[in-house]
Amino acid sequence: MKLNNSLSKSIKYREKHSNFKRRRIPSLSREAEEYLEAIYRLEEKYGYARTMDLAKELKVAPGSITNTIENFEKIGFVEHIPYKGVKLTIKGKKIALKVLRKHRLSERLLIDILKIDWCNVHKEACIMEHGITERIAKRIEEILNYPKICPHGKPIPNSSGKIIKEFFKTLNEIDAGKIVEIIGIKSEEKKFLNYLSNLGILPGILIQVINKNLSNIYVKFAFSKKECAIDKRIASNILVKPKEA
């Protein structure tokens, strides 16, 4: 993705008219929304967002990151943390959470209703999130029965931007003999999700841990009785909820 003129114009317009509260300010461009969303995601992981991490996340040149961050600082979307990176201000976080809400609801819609392979939902949701109004987001939320987490086990902000975090165990933490439901996967990497999908590890599936050793966890699928071995490093990315036997 390249920083284009629409992003610069959108930011400059907000900066120019920031003191005129009665004047309607147009929505940010798709690129600006993606920058704010990416900063929020990195804050979730590290507590702040560094230029190099943002460039990697957005697949853009570090130079364009620097220019955008400078503009964001001027209009109050981010604040600089010396020797670390940037953090979102209340204003910037509010926008990021709205985009994130639409993204995660889109992922749930694609998987739960449209039955799209979850290896592809993140990319598709990145496109959908920018075209969904809050009215449509509320309708999607209603149809899906107000889901609390996305397919990756991450919380979905409500319409007020509030996040209620649920804490799940990872598969490698489960003792032998226990039955668990697959809740989500920490990683959004397509290859990783494709590998798990081929094993049959999908949200909502029930599995039983039948054995563990230093390197693998052996599980049995509740309905098919199929068994497979999962590397413990992979199991540490699989979020689960214990179920009664």
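Residues numbered from 1 in each chain as written. Predicted model: local features only at pLDDT ≥ 70, side-chain atom pairs only at ≥ 80, totals over all residues. Heavy atoms only, no water.

### Some thoughts on the sheet that holds strand β7 (residues 227-231)
Next up, step 1: Spatially, the 6 strands line up as an open sheet ordered β3-β8-β4-β5-β6-β7, and their pairing is antiparallel. Bordering the open sheet on either side are β3 (169-170) and β7, each of which pairs with just one other strand.
Next up, step 2: Here 6 bridges tie strand β4 (residues 179-185) to strand β8 (residues 238-243), and the two strands are oriented antiparallel to one another. Bridging from a neighbouring strand, Val-180 pairs with Pro-242 of β8.
Next up, step 3: In the packing of helix α8 (residues 190-199) onto the sheet, contacts are made with β4, β6 (216-221), β7 and β8, and the angle to β4 comes to roughly 150°. (Pairing = 2+ DSSP bridges. Helix = DSSP H or I, 4+ residues; strand = E, 2+ residues; numbered from the N terminus. Contact = heavy atoms within 4.5 Å. Axes fitted to C-alpha atoms, helices over the stretch in contact; angles between N-to-C directions.)

### A short note on the packing of helix α3 (residues 51-58) against helix α4 (residues 62-74)
Next up, step 1: As a packed pair, α3 and α4 sit with axes 9 Å apart at the nearest point and diverge in direction by 110°. Taken together, the axis directions place α3 and α4 in an arrangement best described as roughly perpendicular. Crossing hand, α3 versus α4: right-handed. Only Pro-62, Ile-65, Thr-66 and Ile-69 of α4 make contact with α3, whose side of the interface consists of Thr-51, Met-52, Leu-54, Ala-55 and Leu-58.
Next up, step 2: Among the residues making up the contact of α3 with α4, the classes are represented as 7 nonpolar, 2 polar and no charged. (Parallel < 35°, antiparallel > 145°, perpendicular 65-115°, else oblique. Left-handed = near helix turned anticlockwise from the far one by under 90°. Nonpolar A, V, L, I, M, F, W, Y, C, P; charged D, E, K, R; others polar.)

### Quick notes on the nonpolar core
Most often, soluble globular proteins have nonpolar side chains that are buried together.
Next up, step 1: Within the largest apolar cluster, 26 residues are counted, with the highest numbers of intra-cluster contacts made by Leu-171, Leu-196, Ile-201, Ile-230 and Ile-238.
Next up, step 2: At the level of secondary structure, the elements contributing two or more residues to this core comprise α5 (90-113), β4, α8, β5 (206-212), β6, β7, α9 (232-235) and β8.
Next up, step 3: Element by element, the count of residues in this core is highest for α8, at 4 residues.
Next up, step 4: The contacts of Ile-230, once residues within four sequence positions are left out, are Leu-171, Leu-199, Ile-201, Ser-215, Asn-216, Ile-217, Val-219, Ala-235 and Ile-238.
Next up, step 5: The next biggest cluster of nonpolar side chains, apart from the first, holds 25 residues, and it includes Leu-28, Ile-69, Ala-96 and Leu-100. (Core = buried A, V, L, I, M, F, W, Y, C linked by side-chain atoms within 4.5 Å. Buried < 20%, exposed > 50% of the residue type's maximum accessible area, 1.4 Å probe, protein only.)

### Some points on the pattern of salt bridges
Next up, step 1: The final tally for this structure, using the stated rule, is 10 salt bridges.
Next up, step 2: Put simply, Arg-104 and Glu-44 hold a salt bridge, and the shortest N to O gap is 3.5 Å. With Arg-104 in helix α5 and Glu-44 in helix α2 (residues 30-46), this pair connects stretches of sequence that are 60 residues apart.
Next up, step 3: Arg-104 sits in the buried class, given a relative accessible area of 1%.
Next up, step 4: Exposure remark for Glu-44: the relative accessible area of 37% places this residue in the partly exposed category.
Next up, step 5: Its salt-bridge partner being Arg-233, residue Asp-231 comes within 3.2 Å of it at the nearest N-O pair. (Salt bridge = Lys/Arg side-chain N within 4 Å of Asp/Glu carboxyl O.)

### Quick look at the environment of Val-121
Next up, step 1: For Val-121, the position within the fold is in helix α6 (residues 121-128).
Next up, step 2: Judged by relative accessible area, which is 0%, Val-121 ranks as buried.
Next up, step 3: The spacing of Val-121 and Leu-110 is 11 residues in sequence and 6.4 Å in space, taken between C-alpha atoms.
Next up, step 4: Setting aside its immediate chain neighbours within four residues, Val-121 contacts Glu-107, Leu-110, Ile-111 and Ile-116.

### Details of the confidence of the model for the protein chain
Next up, step 1: Looking at the protein chain as a whole, its pLDDT mean stands at 86, while 88% of the residues score no less than 70.
Next up, step 2: Of the regions scoring below 50 in pLDDT, residues 17-26 engages in 8 contacts with residues more than four places distant in sequence or in other chains. (pLDDT = per-residue confidence, 0-100.)

### Description of the packing of aromatic side chains
Next up, step 1: By the definition in use, this model includes 2 aromatic pairs.
Next up, step 2: Measuring from centroid to centroid gives 6.4 Å for Tyr-35 and Phe-72, while their planes differ by 85°, and the two rings are edge-to-face. With Tyr-35 in helix α2 and Phe-72 in helix α4, the pair connects residues that are 37 residues apart, well separated along the chain.
Next up, step 3: The exposure class of Tyr-35 is buried, given its relative accessible area of 1%. (Phe/Tyr/Trp six-rings, centres within 6.5 Å; stacked < 30°, edge-to-face > 60°.)

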